[in-house]
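Examination of the molecular architecture
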Amino acid sequence: MENFETVHNRKNTRSVKWDMVRELFHSEDVLPMWVADMDFKAPDAVNQAIIERAKHGIYGYTIADNSVKNSIVSWISRRHQWTIQSEWISFSPGVVTTLHMAIQSLTEPNDSILIQTPVYTPFYHVIKAHNRKIVKSPLIRENNYYQIDFQDFEEKLKNGVKAFILCNPHNPIGRVWTKEELTKIAELCKQYNVLIISDEIHCDLTYPDHNHISIASLSEEIADRTITCMAPSKTFNLAGLQASYAITSNTIMRKKLERQFLNQGFHGLNTMGTTALEAAYHHGEAWLDGLREILKGHYDYVKEEIEKHTPFQVTITEGTYLVWIDCSALGLDSKALRKFFNVEAKVGLNAGVEYGEEGDQFMRMNIACPRAILEEGVNRIIDALQNR
Ligand SMILES: Cc1ncc(COP(=O)(O)O)c(C=O)c1O
């Protein structure tokens, strides 16, 4: 069992996070706390399943069969109290891939697609790449906590929106949307006949006192207008294995989506991704509960230290291992802010502006690392501010 404290050397493993430090931050001694993967080993049962599969030595085309699908059905029922049918599942190498496929197969060029900003950067790309129009409903930040501006949300839907890409839990602002909020969203999407594409890749990573609710679980009617995107990749640190899935009870939408995947040449998950997904969902539960405790402890530590020793504010966060830090007190523009973090503090965070103009004065920190690395990163920021 990973103890979450061991520092593993990830350099020279072709790690995007660790092996692109010089290229991205122009110096080898920057501590990477950016892209959303973790510096923890996957659960032992996952590593063991991969080793066992590798012993066979033949990696031909692989079926994600009923046993794999049932592991997903059971996971979602156990972890998220949502009962789905195995026929509702379509596989995909990644959630971003599914977003592209859903936009292409279920909307038309020039359709308006709504997003709640600031939000995960590829949401912008998937809309623009297929000549759809981005409609933004900015989230409201009050007392360091983000909420939905429902008046604006409805106004935007009223003006003709074809689809809404929901991010739940929301990257980068860390909200786990409540049943009340999701119900309001669902009612409005029903009223204005809007398709919901719900990116729930962070669903398993809520802090222990917050529970994820899938919007499609609210009612059969809502499930029928929703494509839910999920994966074990964030949860168990398997992003490089590229295995994810989409869920919809709507047969017509599912057929259109699957046709799009086929037309783009995708016809099945890779062998190790399939093996890892099934092992994680069968055996990863205790590991995950340990991880959630660790992440909450890390978040509390970052919030306390940063707010005690710097003028920054750490957003109230309910899930994900991404922490959204308001650095407006420094009064720097986004370029100078990035320079402060990368050059003066020597930590590699994501610049908030990547998530939309609302993030101009923010930085996003990845806290999914051993405590020793986290403390090093936080101390670098505090020291750099004191030395200014
Ligand atoms: C909200 C969200 N969706 C999707 C992804 C990436 O998913 P994938 O690697 O499966 O394409 C991320 C990764 O950070 C994410 O935060």
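Residues numbered from 1 in each chain as written. Predicted model: local features only at pLDDT ≥ 70, side-chain atom pairs only at ≥ 80, totals over all residues. Heavy atoms only, no water.

1. Points about the sheet that holds strand 8 (residues 195-199)
Pairing within the open sheet is mixed, and its seven strands lie in the order 2-10-9-8-7-3-4. Each end of this open sheet is capped by a strand with a single partner; those strands are strand 2 (89-92) and strand 4 (133-136). On average, each strand axis in the sheet is inclined to that of its neighbour by 25 degrees, with strand direction left out of account. Summarising the sheet, strand 8 and strand 9 (residues 226-230) pair through four bridges and their orientation is parallel. Each residue of the ladder has a partner; that of Ile-196, found in strand 9, is Thr-226. Along the sheet, helix 11 (residues 251-263) makes contact with strand 2, strand 8, strand 9 and strand 10 (244-247), crossing strand 2 at roughly 20 degrees. (Pairing = 2+ DSSP bridges. Helix = DSSP H or I, 4+ residues; strand = E, 2+ residues; numbered from the N terminus. Axes fitted to C-alpha atoms, helices over the stretch in contact; angles between N-to-C directions. Contact = heavy atoms within 4.5 Å.)

2. Topic: helix 6 (residues 122-129)
Note that an α-helix has 3.6 residues per turn; residues three or four places apart therefore point the same way. Residues of helix 6 that are buried: Pro-122, Phe-123, Tyr-124, Val-126 and Ile-127. If you follow the buried residues of helix 6, they end up packed against helix 5 (95-106), strand 3 (112-115), strand 4, strand 7 (163-167) and strand 8. (Buried < 20%, exposed > 50% of the residue type's maximum accessible area, 1.4 Å probe, protein only.)

3. Comments concerning the nonpolar core
In this structure, Tyr-245, Val-302, Phe-312, Phe-341 and Met-365 are the most contacted members of the largest nonpolar core, which totals 100 residues. When residues in this core are grouped by element, the largest group, eight residues, is from helix 13 (residues 285-309). Leaving out residues up to four positions away in the same chain, Phe-312 has contacts with Ile-306, Glu-307, Ile-325, Asp-326, Cys-327, Leu-330, Phe-340, Phe-341, Ile-381 and Leu-385. Counting residues in hydrophobic clusters, the runner-up holds 25 residues, among them Val-135, Val-161, Ala-186 and Leu-188. (Core = buried A, V, L, I, M, F, W, Y, C linked by side-chain atoms within 4.5 Å.)

4. Quick notes on the site of the ligand
In the neighbourhood of the ligand, the contacting residues comprise Ala-36, Gly-94, Val-95, Val-96, Tyr-120, Cys-167, Asn-171, Asp-199, Ile-201, His-202 and Lys-234. One nitrogen or oxygen atom from the main chain of Val-96 is found 3.0 Å from an oxygen atom belonging to the ligand. Contact distances for the ligand include 3.2 Å between an oxygen atom and a side-chain N or O atom of Lys-234. For the ligand, whose free accessible area comes to 400 Å², the fraction covered by protein is 87%. (Near = heavy atom within 4 Å. Polar contact = N/O pair within 3.5 Å; in protein donor to acceptor, adjacent residues only side chain to side chain. Areas by Shrake-Rupley, 256 points an atom, 1.4 Å probe, with all protein chains shown as cover.)

5. A word on the domain arrangement of the protein chain
With domains assigned, the protein chain is organised as domain 1 (16-43 + 285-386) and domain 2 (58-283). At the interface, 39 residues of domain 1 touch 39 residues of domain 2. Summing both partners gives a buried area of about 3,400 Å² for domain 1 against domain 2, and 53% of it is carried by carbon and sulfur. Contact with domain 2 buries surface across domain 1, with Glu-285, Arg-292 and Glu-318 losing the most and accounting together for 25% of the total. Seen at the junction of domain 1 and domain 2, the total is seven salt bridges. A salt bridge links Glu-357 to Lys-136, with the shortest nitrogen-to-oxygen separation between them at 3.5 Å. Linking domain 1 with domain 2 are 26 residue pairs in polar contact (both at pLDDT 80 or more), by the criterion used here. Of all the elements in the fold, those that place two or more residues in the side of domain 1 that touches domain 2 are helix 13, strand 11 (313-314), strand 12 (322-326) and strand 15 (362-366). A per-class count over the side of domain 1 that touches domain 2 returns 18 nonpolar, six polar and 15 charged. (Domains from an automatic or database assignment. Buried area = accessible area lost by both parts, 1.4 Å probe. Salt bridge = Lys/Arg side-chain N within 4 Å of Asp/Glu carboxyl O. Nonpolar A, V, L, I, M, F, W, Y, C, P; charged D, E, K, R; others polar.)

6. Let's talk about the state of the cysteines
Under the criterion given, the structure shown has zero disulfides. This cysteine, Cys-203, is not joined by any disulfide, and Cys-229 carries the nearest cysteine sulfur, 11 Å off. Since its relative accessible area comes to 2%, Cys-203 is described here as buried. (Disulfide = S-S within 2.5 Å.)

7. Section: the environment of Glu-154
Note that Glu-154 resides in helix 7 (residues 150-158). With relative accessibility at 25%, the residue Glu-154 sits in the partly exposed group.

8. Let's talk about the packing of helix 13 against helix 15 (residues 371-386)
Two quantities define a packed helix pair, namely the angle between the helix axes and the distance between the axes. Here helix 13 crosses helix 15 at 15 degrees, and the two axes come no closer than 10 Å. One finds that helix 13 runs roughly parallel with respect to helix 15. Judged by the sense of rotation from one axis to the other, the crossing of helix 13 with helix 15 is right-handed. Of helix 15, the residues touching helix 13 (which contributes Gly-297, His-298, Tyr-301, Val-302, Glu-305, Ile-306 and His-309) are Arg-371, Leu-374, Glu-375, Val-378, Asn-379, Ile-381 and Ile-382. Considering only residue class, the contact of helix 13 with helix 15 consists of seven nonpolar, four polar and three charged. (Parallel < 35°, antiparallel > 145°, perpendicular 65-115°, else oblique. Left-handed = near helix turned anticlockwise from the far one by under 90°.)

9. What about the sheet that holds strand 12?
Pairing between sheet strands relies on hydrogen bonds along the backbone, with the strands arranged either parallel or antiparallel. Here we have four strands laid out as an open sheet, ordered 11-12-15-14, and antiparallel in their pairing. A single partner strand is all that each edge strand has here, and the edge strands are strand 11 and strand 14 (350-351). Both strand 14 and strand 15 contribute to a ladder of two bridges, which runs antiparallel. By the bridge assignment, Asn-350 is partnered in strand 15 with Arg-364.

10. Regarding the packing of helix 14 (residues 334-345) against helix 15
Taken N-terminus to C-terminus, the directions of helix 14 and helix 15 make an angle of 100 degrees; their axes are 9 Å apart at the nearest point. Relative to helix 15, helix 14 is oriented roughly perpendicular. Contact residues: Phe-340, Phe-341, Glu-344 and Ala-345 in helix 14; Arg-380, Ile-381, Ala-384 and Leu-385 in helix 15. Considering only residue class, the contact of helix 14 with helix 15 consists of six nonpolar, no polar and two charged.

11. Regarding helix 5
Given a rise of 1.5 Å per residue, 12 residues ought to cover 16 Å, and the 16 Å separating the end C-alpha atoms of helix 5 matches this to within 8%. For helix 5, the set of buried residues is Val-95, Thr-98, Leu-99, Met-101, Ala-102, Ile-103, Ser-105 and Leu-106. (Expected span 1.5 Å × (residues − 1).)

12. Thoughts on the side chain of Lys-234
With respect to the secondary-structure elements, Lys-234 resides in helix 10 (residues 233-236). There is a polar contact of 2.9 Å between the side chain of Lys-234 and the backbone oxygen of Ala-36.

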